[in-house]
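Listed below, chain by chain, are the residues.
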Amino acid sequence: MSDIQEATDQLLDVNLFENQRFVQVTESGHRSEPEHLQVTIGATVPTGFEQTAADEVREKLGSSCKISKDRGKIYFDISVESLAQVHCLRSVDNLFVVVQELKDYQFKETKEEVLKDFEDLAGKLPWSDPLKVWKINTSFKKKKAKRKKINQNSSKGKINNGRGEKIDERDVKKDFTSDALDPHILDYYENPGIKEEISTLVGDDLASSKEDDTDESSKEETDHRALKFRVTCNRAGEKHCFTSNEAARDFGGAVQDYFKWKADMTNFDVEVLLNIHDNEIVVGIALTEESLHRRNITHFGPTTLRSTLAYGMLRLCAPQPSDIIVDPMCGTGAIPIEGATEWSKCYHIAGDNNPLAVNRAANNISSLLTKNQIQESKPSWGLPIDAVQWDICNLPLRTGSVDIIVTDMPFGKRMGSKKRNWNLYPACLREMSRVCRPGTGRAVLLTQDKKCFTKALSRMGHVWRKVHTVWVNIGGLHAAVYLLKRTSQAFVRSSEQDEEKGTPSSCQE
Amino acid sequence: MKLLTHNLLSSHVRGVGPRGYPLRLQATEVRINPVEFNPDFVARMIPKVEWAALLEAADTLHLVEVPEGPTEGYERDEKFLRKMHHVLLEVDVLEGTLQCPESGRLFPISRGIPNMLLNDEETET
């Protein structure tokens, strides 16, 4: 209960918000000016890649991270001045500012009592600094939106109906080329039922542009009307006697009374996060658009490869300058594009056998170039990335010429045949071992068919050594990312292998 | 398709093996795309480049000022590195063909993307 006592004490220092206005509160005492504010930021990251994200935070922000027991979250302290850089992190999906962390929260016995406690909690939390951060963050996002609009050229593309969208708010830029062939940053949406439908970020773009528009037009109104808010509750734990909806509802009710804000589930200014994991509660305020879109994604059960996951996979193999990095089953190119953006001192090749995929990858690359053009204000700058149409079982690459292979292996689902995997996986691993540079080469492979993969790998001990496994959760599905090192043994083409290779049907999708 | 990619590509028509390299390049449309110069990248890439293949491709495209090979102390020779940077990264073949030197099989390049897929017969033993 000591945390609650602390919160109550802090309450005495806080000025209450006047109704109908959001007023910048300056506090007396030990708190510093808003510009030098130190805050705790929470970030959601792909589960399994918490350490990778922590490494990126240390590298780019100089802060050390706490990795939460609640999987997929990391926490770190920054000064508010670094807020812009925080948004540039490539390994985080969503950001929030921590209002309060309550460790070892004592839940009462009955649901009524627990929910009453949540109601009481709302008024006792140290809201003012986090809200300052939220405000700075919002104005920073609006500046970005303004710049986007100035740089925007030509029309917006088609909307796909919101399924399987990759959320990448940082990179959402409304700068489309006039290329009629769908030039938007796409993501590989894997679902056996809609295997040729590729999801787009366009929906995101338009949705967030709508939000921006609303924000822009209502910017003047913000100061003159009550803020709109929602509460999102995530609950995990076996001993809770309440649901996340109930907690969100009652906590939200109290927040509404306290701030005199208006509750609005879809068109909100402030998103309050109530994260409950066993006995730990973290209250936060979202700094990125918490994905209503992503909630739709989980509903459809996708395995969308988010750019954050692509980043995590690339980081795992520690790319060095001049490394040649190949994704031989690139889909729409999520991994190579992330690679070309973040590791521009390497050379990236995106390959796939599906002409639709390769074309989309190429279009995504063009969009990336256009984005760079606008950002850097340079005419048609190229990037160290190329696309090729090829067959993974027969890669048209020189033996031992590739430093890193990184890919999402989609076979199990799209083929719909586990039996085929038994032939396919060994063939892939073999061909990958051929093109990969002996001794220094490595591969990072994401797969859901872990059984088949492990079995295939067990027969390749002479060329591949498994170094590390990251267990990931993708849309509720348990997958694994395997980091493999290429042994120094040179690839030997045996007649036996050639015979096995001579079954073309198994290599065509 | 950049020339660095061409340098890595090899024909995989059955039975051809290492004689499938390098692919003979023919281009009908080429674009020059400035790419940010990174001397460290170029210097480290030099040992990985197959020079004969690069020179052959550069010759087909009638590129000028292509170094014949790594010069002494090339790592610190900015002029050399810039020339290599240009040849490897800034020349983009948009339309053309790649031909297997052994079997004669043609692979088309369209919109900058080489299509290296083989038919069933070409992959069968």
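Everything in this summary refers to the structure shown in the same document. The structure displayed is predicted, hence computed values, not measured ones. (Residues numbered from 1 in each chain as written. Chains lettered and ligands numbered in written order. Predicted model: local features only at pLDDT ≥ 70, side-chain atom pairs only at ≥ 80, totals over all residues. Heavy atoms only, no water.)

As a further point, take the overall build of chain A. Along its length, chain A carries 15 helices and 17 strands. Out of the 509 residues belonging to chain A, those deemed buried represent 59%. Residue pairs at least 24 apart in sequence account for 78% of intrachain contacts in chain A once pairs closer than 6 positions are excluded. (Helix = DSSP H or I, 4+ residues; strand = E, 2+ residues; numbered from the N terminus. Buried < 20%, exposed > 50% of the residue type's maximum accessible area, 1.4 Å probe, protein only. Contact = heavy atoms within 4.5 Å.)

Now for the sheet that holds strand S1 (residues 24–32) of chain B. Residue and element names in this part refer to chain B. Here we have four strands laid out as an open sheet, ordered S1-S2-S3-S4, and antiparallel in their pairing. With one partner strand each, in any of the chains shown, S1 and strand S4 (113–114) form the two edges of the open sheet. When strand S2 (residues 91–99) meets strand S3 (residues 106–110), the two strands line up antiparallel, connected through four bridges. Across the sheet, Gln 99 pairs through a bridge with Leu 106, a residue of S3. The sheet strands contacting helix H4 (residues 78–90) are S1 and S2, and the helix crosses S2 at an angle near 60°. (Pairing = 2+ DSSP bridges. Axes fitted to C-alpha atoms, helices over the stretch in contact; angles between N-to-C directions.)

Looking now at the interface of chain B and chain A. Contact with chain B, which involves 35 residues of that partner, is made by 40 residues of chain A. For the pairing of chain B and chain A, the buried interface totals around 3300 Å² over both sides, and the portion due to carbon and sulfur atoms is 57%. Counting the surface chain B buries against chain A, the share from its top three residues, Leu8(B), Lys48(B) and Ile113(B), is 20%. In this structure, the connection of chain B to chain A is made through three salt bridges. (Buried area = accessible area lost by both parts, 1.4 Å probe. Salt bridge = Lys/Arg side-chain N within 4 Å of Asp/Glu carboxyl O.)

All names here are of chain A. By the definition in use, this model includes 15 aromatic pairs over all chains. For the pair Phe 229 and Trp 261, a centre-to-centre distance of 5.7 Å together with 55° between the ring planes defines the contact as tilted. Of this pair, Phe 229 sits in strand S7 (residues 228–236) while Trp 261 sits in the loop between helix H7 (244–259) and strand S8 (262–263), placing them 32 residues apart in sequence. Like Phe 229, the residue Trp 261 is buried in the burial classification. Clustering of aromatic rings is evident, with ring pairs tying together Trp 127, Phe 229, Tyr 258, Phe 259 and Trp 261. (Phe/Tyr/Trp six-rings, centres within 6.5 Å; stacked < 30°, edge-to-face > 60°.)

Here the focus is the sheet that holds strand S11 (residues 324–327) of chain A. In sheet architecture, strand pairing relies on hydrogen bonds along the backbone and comes in two forms, parallel and antiparallel. All names here are of chain A. Spatially, S13-S12-S11-S14-S15-S17-S16 is the arrangement adopted by the seven strands of the open sheet, whose pairing is mixed. Looking at the sheet topology across the chains shown, the edges are occupied by strand S13 (385–389) and strand S16 (464–474). Shown here is a sheet whose adjacent strand axes are inclined to one another by a mean of 15°, direction ignored. The sheet contact formed by S11 and strand S12 (residues 347–352) spans four bridges and is parallel. Note that in S12 the partner of Ile 325 across the bridge is His 348. Where helix H9 (residues 307–316) meets the sheet, it contacts S11, strand S14 (404–409), strand S15 (442–447), S16 and strand S17 (477–486), and its direction lies at approximately 150° from that of S15. The sheet contacts of helix H14 (residues 450–458) involve S14, S15, S16 and S17, and relative to S17 the element is tilted by about 20°.

This next bit is on the pairing of S7(A). Strand residues, when the strand is regular, have side chains that alternate between the two faces of the sheet. Residue and element names in this part refer to chain A. The sheet contact formed by S7 and S8 spans two bridges and is parallel. Bridge pairing in S8 links Phe 229 to Ala 263. Handedness of the crossover joining S7 and S8 through H7: right-handed. The sheet contact formed by S7 and strand S9 (residues 270–277) spans eight bridges and is parallel. Its bridge partner being in S9, Arg 235 is matched across the sheet by Ile 276. (Right-handed = clockwise from strand over helix to strand, strands pointing away.)

Since the α-helix packs 3.6 residues into each turn, any two residues three or four apart lie on the same face. Between its first and last C-alpha atoms H7(A) spans 22 Å; for 16 residues at 1.5 Å apiece the expected length is 22 Å, and the two agree. Residues Glu246(A), Ala247(A), Ala248(A), Asp250(A), Phe251(A), Gly252(A), Ala254(A), Val255(A), Tyr258(A) and Phe259(A) constitute the buried set of H7(A). (Expected span 1.5 Å × (residues − 1).)

Moving on: the pattern of salt bridges. This structure, assessed with the given rule, holds 26 salt bridges over all chains. In this structure, Glu338(A) engages Arg90(A) in a salt bridge whose closest nitrogen and oxygen atoms are separated by 2.8 Å. One end of the pair, Glu338(A), is in helix H10 (residues 334–342); the other, Arg90(A), is in the loop between helix H3 (83–86) and strand S4 (94–102), and 248 residues separate them in sequence. Of the charged contacts in the structure, one is a salt bridge between Asp40(B) and Arg44(B), with a shortest N-O distance of 3.1 Å. Within this pair, Asp40(B) and its partner Arg44(B) are both found in helix H2 (residues 39–45), separated by four residues, close to a single helical turn. The exposure class of Arg44(B) is partly exposed, given its relative accessible area of 41%.

Residues and elements named next belong to chain A. Looking at the secondary structure, you find Ala 53 in helix H2 (residues 50–61). Judged by its relative accessible area of 0%, Ala 53 falls in the buried class. Remark: the alpha-carbon pair of Ala 53 and Ala 43, spanning ten residues in sequence, is separated by 9.1 Å. Excluding anything up to four places from it in sequence, Ala 53 contacts Val 45, Ile 74 and Ser 91.

Turning next to the packing of helix H4 (residues 111–122) of chain A against H7(A). All names here are of chain A. Axis separation between H4 and H7 bottoms out at 8 Å; the angle between their running directions is 35°. In this structure, the crossing between H4 and H7 has a hand that is right-handed. For the pair H4 and H7, contact is made by Lys 111, Leu 115, Phe 118, Glu 119, Leu 121 and Ala 122 and by Glu 246, Ala 247, Arg 249, Asp 250, Phe 251, Ala 254, Val 255 and Tyr 258, respectively. Tallied by class, residues from the contact of H4 with H7 come to nine nonpolar, no polar and five charged. (Left-handed = near helix turned anticlockwise from the far one by under 90°. Nonpolar A, V, L, I, M, F, W, Y, C, P; charged D, E, K, R; others polar.)

Residue Pro22(B) follows Tyr21(B) across a cis peptide bond; omega there is 0°. For Pro22(B), the position within the fold is in the loop between helix H1 (3–8) and S1. Positive phi, normally seen in glycine, also occurs at Asp104(A), with a value near 55°. Secondary-structure assignment places Asp104(A) in the loop between S4 and H4. Judged by its relative accessible area of 53%, Asp104(A) is exposed.

All names here are of chain A. Here Ala 43 shows up in strand S1 (residues 38–44). Linking Ala 43 and Gln 320, residues 277 residues apart in sequence, is a C-alpha distance of 27 Å. In this structure Ala 43 touches Gly 72, Lys 73, Ile 74, Phe 76, Val 92, Asn 94, Leu 95 and Phe 96, once residues within four positions along its chain are discounted.

What follows is about the side chain of His85(B). All names here are of chain B. With respect to the element layout, His 85 can be found in helix H4. In this structure His 85 comes out as buried when scored by relative accessible area, which is 4%. Ignoring anything within four residues of it in the chain, the contact list for His 85 reads Val 35, Glu 36, Phe 37, Asn 38, Val 42 and Glu 90.

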